[in-house]
Amino acid sequence: MYEILKLYLCLHEKSIPEQTDYVLHTWEQIVQDENHHLIVNEIDGKIVSSCVCVIIPNLTRNARPYAFVENVVTHTDFRKRGLASECQAYAKQIALQNHCYKMMLLTGSKEKKTLDFYRNAGYNSVDKTAFIQWLSE
């Protein structure tokens, strides 16, 4: 768990959360959920790239699930090597194996290189409109 939290510092996190009972319980929920896939890429035993792929059961589209991809990140020292693309490709394989009808992700980035990365991975930003409502802590 610590390695993935450390990697998330390259995403948008400012600190690693204290390992409270709540954080440990959350980790156990993730690990035990068969629909929650934490995909990692390792180099020399160190997690350097990752994404999350969650399969969400669904009653539309002939009861086919969909996949939601989140927390796509590569350590700054290992970028431009195709590692995040490998994680994305693995997520797509999970979605296909689960007969998902679509994959979705959201990004807060406005950087062309990030948006092009997602387009090159097969995503588009024209089919749907995303809305986010941030909830207070």
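The rules behind these values
- Residues numbered from 1 in each chain as written.
- Predicted model: local features only at pLDDT ≥ 70, side-chain atom pairs only at ≥ 80, totals over all residues.
- Heavy atoms only, no water.
- Core = buried A, V, L, I, M, F, W, Y, C linked by side-chain atoms within 4.5 Å.
- Buried < 20%, exposed > 50% of the residue type's maximum accessible area, 1.4 Å probe, protein only.
- Helix = DSSP H or I, 4+ residues; strand = E, 2+ residues; numbered from the N terminus.
- Contact = heavy atoms within 4.5 Å.
- Patch = residues over 30% accessible without salt bridge, like charges linked within 9 Å, V, L, I, M, F, W, Y side chains within 5 Å.
- Areas by Shrake-Rupley, 256 points an atom, 1.4 Å probe, with all protein chains shown as cover.
- Salt bridge = Lys/Arg side-chain N within 4 Å of Asp/Glu carboxyl O.
- 1 Å grid on protein atoms, 1.4 Å probe; cavity = no way out; pocket = protein on both sides within 12 Å on 5 of 7 lines; lining within 4 Å.
- Points joined across faces, edges and corners; volume = space filled by probe spheres on them.
- Pairing = 2+ DSSP bridges.
- Phe/Tyr/Trp six-rings, centres within 6.5 Å; stacked < 30°, edge-to-face > 60°.
- Axes fitted to C-alpha atoms, helices over the stretch in contact; angles between N-to-C directions.
- Disulfide = S-S within 2.5 Å.
- Polar contact = N/O pair within 3.5 Å; in protein donor to acceptor, adjacent residues only side chain to side chain.

Draft legend 1. How the structure looks around the nonpolar core. Ranked by internal contacts, the top residues of the largest apolar core, which has 16 residues, are I39, C51, C53 and V69. If one sorts the elements of this core by residue count, helix α3 (residues 83-97) sits on top with five residues. Not counting the four nearest positions on each side in its chain, I39 is found in contact with S49, S50, C51, C53, C87, Y90, A91 and I94. Residues L5, L7, V52 and V73 belong to the second largest nonpolar core, which totals eight residues.

Draft legend 2. Quick peek at a nonpolar patch on the surface. On the surface, a cluster of nonpolar side chains totalling about 390 Å² of accessible area is made up of L106, I132 and W134. The topology assignment puts I132 in the segment after α4 (112-120).

Draft legend 3. Geometry of empty space enclosed by the protein. Under the criterion given, the structure shown has one cavity of 30 Å³ or more. Looking at the lining of the largest cavity, the elements with two or more residues in it are α1 (2-7) and β2 (46-56).

Draft legend 4. Representation of the pairing of β2. Burial analysis of β2 places nine of its 11 residues in the buried class, which makes it a mostly covered element. Pairing geometry for strand β1 (residues 36-43) and β2, over eight bridges, is antiparallel. Looking at β2, one finds that V40 is bridged to S50. In the sheet, β2 pairs with strand β3 (residues 66-74) via seven bridges, with the strands oriented antiparallel. Each bridged residue has a counterpart across the sheet, and for V52 the counterpart in β3 is E70.

Draft legend 5. Spotlight on the packing of aromatic side chains. One pass over the structure, following the stated rule, counts three aromatic pairs. When the ring of F117 is compared with that of Y118, the centres are 5.2 Å apart and the planes differ by 65 degrees; the resulting orientation is edge-to-face. Between the aromatic rings of Y118 and Y123, the centroid separation amounts to 6.3 Å while the plane-to-plane angle is 85 degrees, which identifies the pairing as edge-to-face. Here Y118 falls in the buried class, since its relative accessible area comes to 10%.

Draft legend 6. Molecular detail of the sheet that holds β1. Read across the open sheet, the four strands follow the order β1-β2-β3-β4; overall the sheet is mixed. The open sheet is flanked by β1 and β4 (103-105), the only strands paired with a single partner. Direction aside, neighbouring strands of the sheet carry axes that sit 25 degrees apart on average. Relative to the sheet, α3 contacts β1, β2, β3 and β4, its axis offset from that of β2 by approximately 25 degrees.

Draft legend 7. Here's a closer look at the state of the cysteines. Tallying each qualifying case throughout the model produces zero disulfides. Lacking any disulfide linkage, C53 is separated from the closest cysteine sulfur, that of C100, by 6.7 Å. You can call C53 buried: its relative accessible area is 0%. Residue C100 is classed as buried on the basis of its relative accessible area of 9%.

Draft legend 8. Expanded view of the side chain of S49. Within the secondary structure, S49 sits in strand β2. Taking relative accessible area as the criterion, S49 reaches 0% and is therefore assigned buried. At 2.9 Å, the side chain of S49 and the side chain of T74 are in polar contact. In this view, S49 contacts L7, I39, V40, N41, V73, T74, L83, A84 and C87; residues no more than four positions away in its chain are not counted.

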